[in-house]
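Listed below are the residues making up each chain.
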Amino acid sequence: MKNNFINKIDNAIISQISEGDYSSYDSILIEQGYDLDLIESQSQKSFKKQAFILKGMMNKQKDMILLEKASNLLREAIEKNIDKPISYLKGLITNNQFQVQYRNLENLDIEEIKEIIKDQNLIELLEELENDKK
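Basis of the calculations
Residues numbered from 1 in each chain as written. Predicted model: local features only at pLDDT ≥ 70, side-chain atom pairs only at ≥ 80, totals over all residues. Heavy atoms only, no water. Helix = DSSP H or I, 4+ residues; strand = E, 2+ residues; numbered from the N terminus. Buried < 20%, exposed > 50% of the residue type's maximum accessible area, 1.4 Å probe, protein only. Contact = heavy atoms within 4.5 Å. Expected span 1.5 Å × (residues − 1). Polar contact = N/O pair within 3.5 Å; in protein donor to acceptor, adjacent residues only side chain to side chain. Patch = residues over 30% accessible without salt bridge, like charges linked within 9 Å, V, L, I, M, F, W, Y side chains within 5 Å. Areas by Shrake-Rupley, 256 points an atom, 1.4 Å probe, with all protein chains shown as cover. Salt bridge = Lys/Arg side-chain N within 4 Å of Asp/Glu carboxyl O. Arc of directions from axis to C-beta. Core = buried A, V, L, I, M, F, W, Y, C linked by side-chain atoms within 4.5 Å.

1. Some details on the overall build of the chain
Here is step 1 of the chain: When its secondary structure is counted, the chain shows six helices and zero strands.
Here is step 2 of the chain: Across the chain, helices and strands are ordered from the amino to the carboxyl terminus as α-α-α-α-α-α.
Here is step 3 of the chain: For the chain, with 134 residues in total, the buried portion stands at 22%.
Here is step 4 of the chain: Sequence-distant contacts in the chain: of pairs separated by 6 or more residues, those separated by 24 or more amount to 63%.

2. A few points about helix 3 (residues 36-80)
Here is step 1 of the chain: Between the first and last C-alpha of helix 3 there are 65 Å, a value that for 45 residues agrees with the 66 Å anticipated at 1.5 Å per step.
Here is step 2 of the chain: Regarding helix 3, the residues found buried are Leu-66, Leu-67, Ala-70, Ser-71, Leu-73, Leu-74, Arg-75, Ala-77 and Ile-78.
Here is step 3 of the chain: For helix 3, the capping residue at the N-terminal end is Asp-35, with a side-chain oxygen 3.2 Å from the backbone nitrogen of Asp-37.
Here is step 4 of the chain: Taken from the residues just after helix 3, Asn-81 is the one with a positive phi, measuring 60 degrees.

3. Here's the deal with a nonpolar patch on the surface
Here is step 1 of the chain: A surface patch of nonpolar side chains, about 280 Å² in accessible area, is lined by Phe-5, Ile-6 and Ile-9.
Here is step 2 of the chain: Judged by relative accessible area, which is 36%, Ile-6 ranks as partly exposed.

4. So, helix 5 (residues 110-117)
Here is step 1 of the chain: For helix 5, the set of buried residues is Ile-113, Lys-114, Ile-116 and Ile-117. Down the axis of helix 5, the sector holding all buried residues measures 160 degrees, keeping them to one side.

5. Concerning the nonpolar core
Here is step 1 of the chain: Residues Leu-74, Leu-89, Ile-117, Leu-122 and Leu-125 are the most contacted members of the largest nonpolar core, which totals 17 residues.
Here is step 2 of the chain: If you list the elements that add at least two residues to this core, you get helix 3, helix 4 (83-95), helix 5 and helix 6 (122-133).
Here is step 3 of the chain: With six residues, the top contributor of residues to this core is helix 3.
Here is step 4 of the chain: For Ile-117, the residues in contact, after removing those within four places along its chain, are Leu-67, Ala-70, Ser-71, Leu-74, Leu-89, Leu-92, Leu-122 and Leu-125.

In structure tokens:
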């Protein structure tokens, strides 16, 4: 009987909260000695933290998509022997520690191209490659 009564109270509180009536829930918390301002502050911090983490994950996925696209465009440029993207890639190779590793561009696979261009501004690179295609 006691558990049934407690369950009814819990269900009533939950239904009021889900309908947007927080005042009854707030009054119960205040009666129990909780600091609503502290709870609000902690929930805001938690929300901001989760939003920041989510934004970081989304940016990482976006960067991976851009890296994949740029790598494919460079691979196509190598296969079609288009001068400007090839010279850009050669410039990256000579400016980085990749000088000895990647002498023959024709032998580069997608993963090696990704390794070479991963620290570059991918948006600018993609714009250049797409302009060269036109």
